[in-house]
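Chain and residue survey
One-letter residues, chain by chain:
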Amino acid sequence: MFRYETDGQIVYSAHPFLREFFRNLLGTQPEDIHESVRAKLAPSLEARPSTPPSDPIILDQYELLIEETLLAGRVQDAFDLYSGVLGGYHHLGRVLGENARGVRITERFVPLDDFALIERQLSLRSRSVLGASGGLFAQRLGDLARARVAFAYCQALDASASERTNESTDCRNLANVELDAGFFPKALEYSERAVLLGRSGDRGHQTSSAFRAVSRFSLGDTFAALADFQCATELEGEPMYSVRGIHEAECKFLRGDRSGALRQTESNREYAIQYNN
(Lines give C-alpha, C1' and ligand atoms only; values in the text may rest on other atoms or scores of the structure.)
Protein backbone atom coordinates (compact mmCIF):
# COMPACT_ATOMS: atom_id res chain seq x y z
CA MET A 1 0.00 0.00 0.00
CA PHE A 2 1.05 3.61 -0.67
CA ARG A 3 0.15 6.42 1.70
CA TYR A 4 -0.35 10.10 0.80
CA GLU A 5 -1.00 12.81 3.35
CA THR A 6 -2.60 15.94 1.93
CA ASP A 7 -4.11 18.79 3.96
CA GLY A 8 -4.48 16.60 7.02
CA GLN A 9 -6.20 13.86 5.01
CA ILE A 10 -4.62 10.44 4.57
CA VAL A 11 -5.18 8.69 1.24
CA TYR A 12 -4.07 5.17 0.42
CA SER A 13 -3.27 3.71 -2.99
CA ALA A 14 -2.58 0.03 -3.67
CA HIS A 15 0.26 -1.60 -5.59
CA PRO A 16 -0.74 -2.29 -9.26
CA PHE A 17 -0.70 -6.08 -8.61
CA LEU A 18 -3.21 -5.76 -5.77
CA ARG A 19 -5.33 -3.34 -7.77
CA GLU A 20 -5.52 -5.81 -10.64
CA PHE A 21 -6.46 -8.70 -8.32
CA PHE A 22 -9.32 -6.86 -6.64
CA ARG A 23 -10.38 -5.25 -9.91
CA ASN A 24 -11.40 -8.68 -11.16
CA LEU A 25 -13.73 -9.05 -8.17
CA LEU A 26 -15.69 -5.90 -8.98
CA GLY A 27 -19.17 -5.91 -10.41
CA THR A 28 -18.63 -2.62 -12.23
CA GLN A 29 -16.05 -1.11 -14.53
CA PRO A 30 -12.89 -0.11 -12.57
CA GLU A 31 -12.60 3.05 -14.67
CA ASP A 32 -15.96 4.22 -13.35
CA ILE A 33 -14.77 3.93 -9.76
CA HIS A 34 -11.59 5.86 -10.47
CA GLU A 35 -13.57 8.47 -12.37
CA SER A 36 -15.67 8.97 -9.25
CA VAL A 37 -12.52 9.52 -7.17
CA ARG A 38 -11.05 11.82 -9.84
CA ALA A 39 -14.24 13.89 -10.01
CA LYS A 40 -14.17 14.46 -6.25
CA LEU A 41 -10.48 15.35 -6.16
CA ALA A 42 -10.27 17.62 -9.23
CA PRO A 43 -12.40 20.54 -7.96
CA SER A 44 -10.07 21.04 -4.99
CA LEU A 45 -7.14 21.80 -7.33
CA GLU A 46 -6.61 24.57 -9.86
CA ALA A 47 -7.07 23.40 -13.44
CA ARG A 48 -4.76 26.10 -14.79
CA PRO A 49 -2.69 27.76 -12.04
CA SER A 50 -0.84 30.94 -13.02
CA THR A 51 2.46 29.29 -12.06
CA PRO A 52 3.34 25.61 -11.61
CA PRO A 53 2.99 24.50 -7.97
CA SER A 54 6.06 23.93 -5.80
CA ASP A 55 4.54 23.09 -2.40
CA PRO A 56 5.16 19.34 -1.79
CA ILE A 57 1.67 18.91 -0.31
CA ILE A 58 0.04 20.39 -3.42
CA LEU A 59 2.34 18.34 -5.65
CA ASP A 60 1.21 15.21 -3.77
CA GLN A 61 -2.41 16.07 -4.55
CA TYR A 62 -1.71 16.63 -8.24
CA GLU A 63 0.29 13.40 -8.39
CA LEU A 64 -2.69 11.52 -6.95
CA LEU A 65 -5.03 13.29 -9.38
CA ILE A 66 -2.84 12.24 -12.33
CA GLU A 67 -2.87 8.64 -11.09
CA GLU A 68 -6.65 8.58 -10.71
CA THR A 69 -7.11 10.29 -14.08
CA LEU A 70 -5.00 7.62 -15.75
CA LEU A 71 -6.86 4.82 -13.99
CA ALA A 72 -10.10 6.39 -15.18
CA GLY A 73 -8.82 5.97 -18.75
CA ARG A 74 -8.33 9.69 -19.40
CA VAL A 75 -4.75 9.58 -20.62
CA GLN A 76 -4.78 12.91 -22.48
CA ASP A 77 -6.21 14.72 -19.45
CA ALA A 78 -3.52 13.16 -17.28
CA PHE A 79 -0.82 14.29 -19.70
CA ASP A 80 -2.26 17.82 -19.73
CA LEU A 81 -2.02 17.87 -15.92
CA TYR A 82 1.58 16.67 -15.99
CA SER A 83 2.75 18.93 -18.79
CA GLY A 84 0.52 21.98 -18.51
CA VAL A 85 -0.06 22.22 -14.76
CA LEU A 86 3.06 20.67 -13.22
CA GLY A 87 5.31 22.05 -15.94
CA GLY A 88 6.76 18.71 -17.01
CA TYR A 89 10.46 18.03 -16.64
CA HIS A 90 11.45 21.70 -16.87
CA HIS A 91 9.65 22.60 -13.65
CA LEU A 92 9.64 19.33 -11.71
CA GLY A 93 13.20 18.37 -12.60
CA ARG A 94 15.22 21.46 -13.39
CA VAL A 95 13.53 23.93 -11.05
CA LEU A 96 12.39 21.77 -8.12
CA GLY A 97 14.73 18.78 -8.36
CA GLU A 98 11.69 16.50 -7.92
CA ASN A 99 13.22 13.76 -10.06
CA ALA A 100 11.87 10.86 -7.99
CA ARG A 101 8.36 12.29 -8.27
CA GLY A 102 8.89 12.76 -11.99
CA VAL A 103 9.87 9.12 -12.42
CA ARG A 104 6.78 7.98 -10.48
CA ILE A 105 4.45 10.11 -12.59
CA THR A 106 5.89 9.22 -16.00
CA GLU A 107 6.11 5.54 -15.03
CA ARG A 108 2.36 5.50 -14.41
CA PHE A 109 1.80 6.37 -18.08
CA VAL A 110 4.13 3.58 -19.27
CA PRO A 111 4.54 0.86 -16.61
CA LEU A 112 7.65 -1.27 -17.26
CA ASP A 113 8.51 1.14 -20.11
CA ASP A 114 5.66 -0.26 -22.21
CA PHE A 115 5.19 2.73 -24.52
CA ALA A 116 2.64 0.78 -26.57
CA LEU A 117 0.11 1.59 -23.82
CA ILE A 118 -0.05 5.25 -24.90
CA GLU A 119 0.21 4.62 -28.65
CA ARG A 120 -3.43 5.46 -29.39
CA GLN A 121 -4.13 7.86 -26.53
CA LEU A 122 -1.50 10.55 -27.16
CA SER A 123 -0.17 12.37 -30.20
CA LEU A 124 3.31 11.55 -31.48
CA ARG A 125 4.68 14.81 -30.07
CA SER A 126 3.13 14.20 -26.64
CA ARG A 127 4.55 10.68 -26.56
CA SER A 128 7.97 12.04 -27.45
CA VAL A 129 7.77 14.69 -24.72
CA LEU A 130 6.65 12.13 -22.15
CA GLY A 131 9.38 9.67 -23.13
CA ALA A 132 12.09 12.34 -23.02
CA SER A 133 10.85 13.54 -19.62
CA GLY A 134 10.96 10.03 -18.20
CA GLY A 135 14.46 9.58 -19.59
CA LEU A 136 15.73 12.83 -18.09
CA PHE A 137 14.25 12.07 -14.67
CA ALA A 138 15.78 8.59 -14.73
CA GLN A 139 19.18 9.90 -15.84
CA ARG A 140 19.26 12.45 -13.01
CA LEU A 141 18.65 9.59 -10.57
CA GLY A 142 21.45 7.52 -12.12
CA ASP A 143 19.23 4.97 -13.86
CA LEU A 144 21.06 5.11 -17.18
CA ALA A 145 19.50 1.88 -18.51
CA ARG A 146 15.98 3.26 -18.19
CA ALA A 147 17.06 6.63 -19.59
CA ARG A 148 18.63 4.91 -22.59
CA VAL A 149 15.42 2.98 -23.33
CA ALA A 150 13.30 6.14 -23.11
CA PHE A 151 15.57 8.23 -25.33
CA ALA A 152 15.89 5.44 -27.90
CA TYR A 153 12.08 5.26 -28.04
CA CYS A 154 11.93 9.01 -28.66
CA GLN A 155 14.56 8.82 -31.39
CA ALA A 156 12.70 6.06 -33.23
CA LEU A 157 9.45 7.98 -32.87
CA ASP A 158 10.82 11.29 -34.17
CA ALA A 159 12.81 9.61 -36.95
CA SER A 160 9.63 7.91 -38.18
CA ALA A 161 7.98 11.32 -38.44
CA SER A 162 11.04 12.98 -40.03
CA GLU A 163 11.21 15.41 -37.10
CA ARG A 164 14.88 16.29 -37.62
CA THR A 165 15.17 18.90 -34.87
CA ASN A 166 13.49 16.68 -32.29
CA GLU A 167 15.53 13.65 -33.36
CA SER A 168 18.66 15.76 -32.96
CA THR A 169 17.61 16.42 -29.36
CA ASP A 170 17.01 12.68 -28.83
CA CYS A 171 20.48 11.84 -30.16
CA ARG A 172 21.98 14.52 -27.95
CA ASN A 173 20.23 12.99 -24.91
CA LEU A 174 21.52 9.55 -25.89
CA ALA A 175 25.04 10.95 -26.29
CA ASN A 176 24.84 12.43 -22.80
CA VAL A 177 23.73 9.09 -21.34
CA GLU A 178 26.62 7.27 -23.04
CA LEU A 179 29.06 9.89 -21.76
CA ASP A 180 27.77 9.28 -18.23
CA ALA A 181 28.07 5.54 -18.80
CA GLY A 182 31.61 5.83 -20.19
CA PHE A 183 30.65 4.36 -23.58
CA PHE A 184 32.55 6.98 -25.57
CA PRO A 185 32.33 5.43 -29.07
CA LYS A 186 28.51 5.34 -28.78
CA ALA A 187 28.54 8.89 -27.38
CA LEU A 188 30.52 10.02 -30.42
CA GLU A 189 28.14 8.22 -32.78
CA TYR A 190 25.07 9.85 -31.27
CA SER A 191 26.62 13.30 -30.98
CA GLU A 192 27.74 13.23 -34.62
CA ARG A 193 24.20 12.38 -35.69
CA ALA A 194 22.86 15.14 -33.43
CA VAL A 195 25.17 17.66 -35.14
CA LEU A 196 24.15 16.36 -38.58
CA LEU A 197 20.43 16.65 -37.84
CA GLY A 198 20.59 19.98 -35.97
CA ARG A 199 20.39 23.48 -37.36
CA SER A 200 23.45 25.69 -37.11
CA GLY A 201 22.78 28.59 -34.77
CA ASP A 202 20.41 26.69 -32.51
CA ARG A 203 21.52 26.33 -28.90
CA GLY A 204 20.97 22.63 -29.23
CA HIS A 205 23.49 22.55 -32.07
CA GLN A 206 26.08 24.10 -29.77
CA THR A 207 25.40 21.45 -27.13
CA SER A 208 25.68 18.70 -29.76
CA SER A 209 29.07 20.10 -30.82
CA ALA A 210 30.18 20.21 -27.18
CA PHE A 211 29.10 16.57 -26.63
CA ARG A 212 30.97 15.55 -29.78
CA ALA A 213 34.01 17.44 -28.48
CA VAL A 214 34.07 15.69 -25.11
CA SER A 215 33.44 12.32 -26.83
CA ARG A 216 36.44 12.90 -29.08
CA PHE A 217 38.54 14.12 -26.17
CA SER A 218 37.65 10.99 -24.17
CA LEU A 219 38.78 8.85 -27.10
CA GLY A 220 42.10 10.72 -27.33
CA ASP A 221 41.32 12.85 -30.40
CA THR A 222 42.39 16.09 -28.70
CA PHE A 223 42.81 18.32 -31.75
CA ALA A 224 39.36 17.48 -33.16
CA ALA A 225 37.87 18.03 -29.70
CA LEU A 226 39.46 21.48 -29.41
CA ALA A 227 38.10 22.41 -32.84
CA ASP A 228 34.60 21.36 -31.76
CA PHE A 229 34.82 23.34 -28.53
CA GLN A 230 36.02 26.38 -30.46
CA CYS A 231 33.15 26.04 -32.95
CA ALA A 232 30.60 25.70 -30.15
CA THR A 233 32.02 28.75 -28.36
CA GLU A 234 31.82 30.83 -31.54
CA LEU A 235 28.21 29.79 -32.03
CA GLU A 236 27.51 30.69 -28.40
CA GLY A 237 29.12 34.11 -28.81
CA GLU A 238 30.57 33.83 -25.30
CA PRO A 239 32.19 31.20 -23.06
CA MET A 240 30.01 28.12 -22.80
CA TYR A 241 27.98 27.50 -19.67
CA SER A 242 25.64 24.86 -18.23
CA VAL A 243 26.59 21.27 -19.10
CA ARG A 244 28.52 22.51 -22.17
CA GLY A 245 30.75 24.65 -20.00
CA ILE A 246 31.23 21.86 -17.46
CA HIS A 247 32.48 19.51 -20.17
CA GLU A 248 34.87 22.08 -21.61
CA ALA A 249 36.20 23.02 -18.16
CA GLU A 250 36.88 19.35 -17.40
CA CYS A 251 38.79 18.95 -20.66
CA LYS A 252 40.81 22.10 -19.96
CA PHE A 253 41.70 20.78 -16.53
CA LEU A 254 42.81 17.41 -17.91
CA ARG A 255 44.97 19.19 -20.51
CA GLY A 256 46.71 21.08 -17.71
CA ASP A 257 44.97 24.42 -18.28
CA ARG A 258 43.90 24.75 -14.66
CA SER A 259 43.50 28.53 -14.68
CA GLY A 260 41.29 28.32 -17.79
CA ALA A 261 39.23 25.56 -16.20
CA LEU A 262 38.82 27.61 -13.03
CA ARG A 263 37.75 30.76 -14.91
CA GLN A 264 35.16 28.84 -16.90
CA THR A 265 33.84 27.05 -13.82
CA GLU A 266 33.49 30.33 -11.91
CA SER A 267 31.70 31.93 -14.85
CA ASN A 268 29.42 28.90 -15.12
CA ARG A 269 28.66 29.09 -11.41
CA GLU A 270 27.68 32.77 -11.70
CA TYR A 271 25.37 31.90 -14.59
CA ALA A 272 23.77 29.06 -12.61
CA ILE A 273 23.10 31.36 -9.64
CA GLN A 274 21.75 34.15 -11.80
CA TYR A 275 19.35 31.98 -13.80
CA ASN A 276 18.66 29.28 -11.16
CA ASN A 277 19.93 26.73 -13.66
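In short, a report on the structure. (Residues numbered from 1 in each chain as written. Predicted model: local features only at pLDDT ≥ 70, side-chain atom pairs only at ≥ 80, totals over all residues. Heavy atoms only, no water.)

1. Focus on the overall build of the chain
- Helices and strands together make up the secondary structure of the chain, namely 14 helices and two strands.
- In the chain, buried positions account for 45% of the 277 residues.
- Across the chain, the fraction of contacts at a sequence separation of at least 24, relative to all contacts at a separation of at least 6, is 57%.
- Accessible surface, the chain: about 14700 Å² in total, of which carbon and sulfur atoms supply 53%. (Helix = DSSP H or I, 4+ residues; strand = E, 2+ residues; numbered from the N terminus. Buried < 20%, exposed > 50% of the residue type's maximum accessible area, 1.4 Å probe, protein only. Contact = heavy atoms within 4.5 Å. Areas by Shrake-Rupley, 256 points an atom, 1.4 Å probe, with all protein chains shown as cover.)

2. Remarks on unusual backbone geometry
- Of note, Asp113 is a non-glycine position whose phi angle comes to about 60 degrees, a positive value.
- Considering the arrangement of structural elements, one finds Asp113 in the loop between helix 6 (99-109) and helix 7 (124-140).
- In the Ramachandran plot, Ser162 falls in the positive-phi region, its phi being about 55 degrees despite a non-glycine side chain.
- Take Ser162: its relative accessible area is 60%, and that puts it in the exposed class.

3. Comments concerning the side chain of Glu248
- Looking at where Glu248 falls in the secondary structure, it is placed in helix 13 (residues 242-254).
- For the buried Glu248, no salt bridge is present, and the opposite-charge side chain at shortest range is Lys252, 4.3 Å distant.
- At a separation of 2.9 Å, a polar atom in the side chain of Glu248 contacts the side chain of Gln264.
- Apart from residues no more than four positions distant in its own chain, Glu248 is found in contact with Phe229, Thr233, Met240 and Gln264. (Lys, Arg positive; Asp, Glu negative; His and termini not counted. Salt bridge = Lys/Arg side-chain N within 4 Å of Asp/Glu carboxyl O. Polar contact = N/O pair within 3.5 Å; in protein donor to acceptor, adjacent residues only side chain to side chain.)

4. Side note on the pattern of salt bridges
- Taken as a whole, this structure holds 19 salt bridges when the rule is applied.
- The salt bridge partner of Arg104 is Glu63, with a shortest N-O separation of 2.7 Å. Of the two residues, Arg104 is situated in helix 6 and Glu63 in helix 3 (residues 56-71); the sequence distance between them amounts to 41 residues.
- Looking at Arg104, the relative accessible area reads 35%, which means it is partly exposed.
- Residues joined in a network through salt bridges with shared partners are Asp60, Glu63, Glu67, Glu98, Arg101, Arg104 and Arg108.

5. Some points on the environment of Cys154
- Here Cys154 lies in helix 8 (residues 144-160).
- Accessibility expressed as a relative area gives 0% for Cys154, which makes it buried.
- The spacing of Cys154 and Ser128 is 26 residues in sequence and 5.1 Å in space, taken between C-alpha atoms.
- If we ignore the near neighbours within four places in the chain, the residues touching Cys154 are Ser128, Gly131, Ala132 and Asp170.

6. A look at the packing of helix 11 (residues 203-218) against helix 13
- Where helix 11 meets helix 13, the axes come as close as 9 Å, and the angle between the chain directions of the two elements is 25 degrees. Viewed along their axes, helix 11 and helix 13 adopt a mutual orientation that is roughly parallel. For the pair helix 11 and helix 13, the sense of crossing is left-handed. For the pair helix 11 and helix 13, contact is made by Arg203, Gln206, Thr207, Ala210, Phe211, Val214 and Phe217 and by Val243, Arg244, His247, Cys251 and Leu254, respectively. (Axes fitted to C-alpha atoms, helices over the stretch in contact; angles between N-to-C directions. Parallel < 35°, antiparallel > 145°, perpendicular 65-115°, else oblique. Left-handed = near helix turned anticlockwise from the far one by under 90°.)

7. Points about the nonpolar core
- Core analysis: the largest hydrophobic core is formed by 52 residues, its most contacted members being Ile66, Tyr82, Leu86, Phe109 and Ile118.
- Here this core gets seven residues from one element, more than from any other, and that element is helix 8.
- For Ile66, the residues in contact, after removing those within four places along its chain, are Ala78, Leu81, Tyr82, Leu86, Ile105 and Phe109. (Core = buried A, V, L, I, M, F, W, Y, C linked by side-chain atoms within 4.5 Å.)

8. As for the packing of helix 7 against helix 8
- Packing of helix 7 against helix 8 leaves a shortest axis separation of 8 Å and a crossing angle of 160 degrees. By the angle between their axes, helix 7 is roughly antiparallel relative to helix 8. Here helix 7 runs over helix 8; the crossing is left-handed. Contacts between helix 7 and helix 8 involve Leu124, Arg127, Ser128, Gly131, Ala132, Gly135, Leu136, Ala138 and Gln139 from the first element and Leu144, Arg146, Ala147, Ala150, Phe151, Tyr153, Cys154, Leu157, Asp158 and Ser160 from the second.
- By residue class, the composition of the contact of helix 7 with helix 8 is 11 nonpolar, five polar and three charged. (Nonpolar A, V, L, I, M, F, W, Y, C, P; charged D, E, K, R; others polar.)

Purely geometric numbers; function is a separate question.
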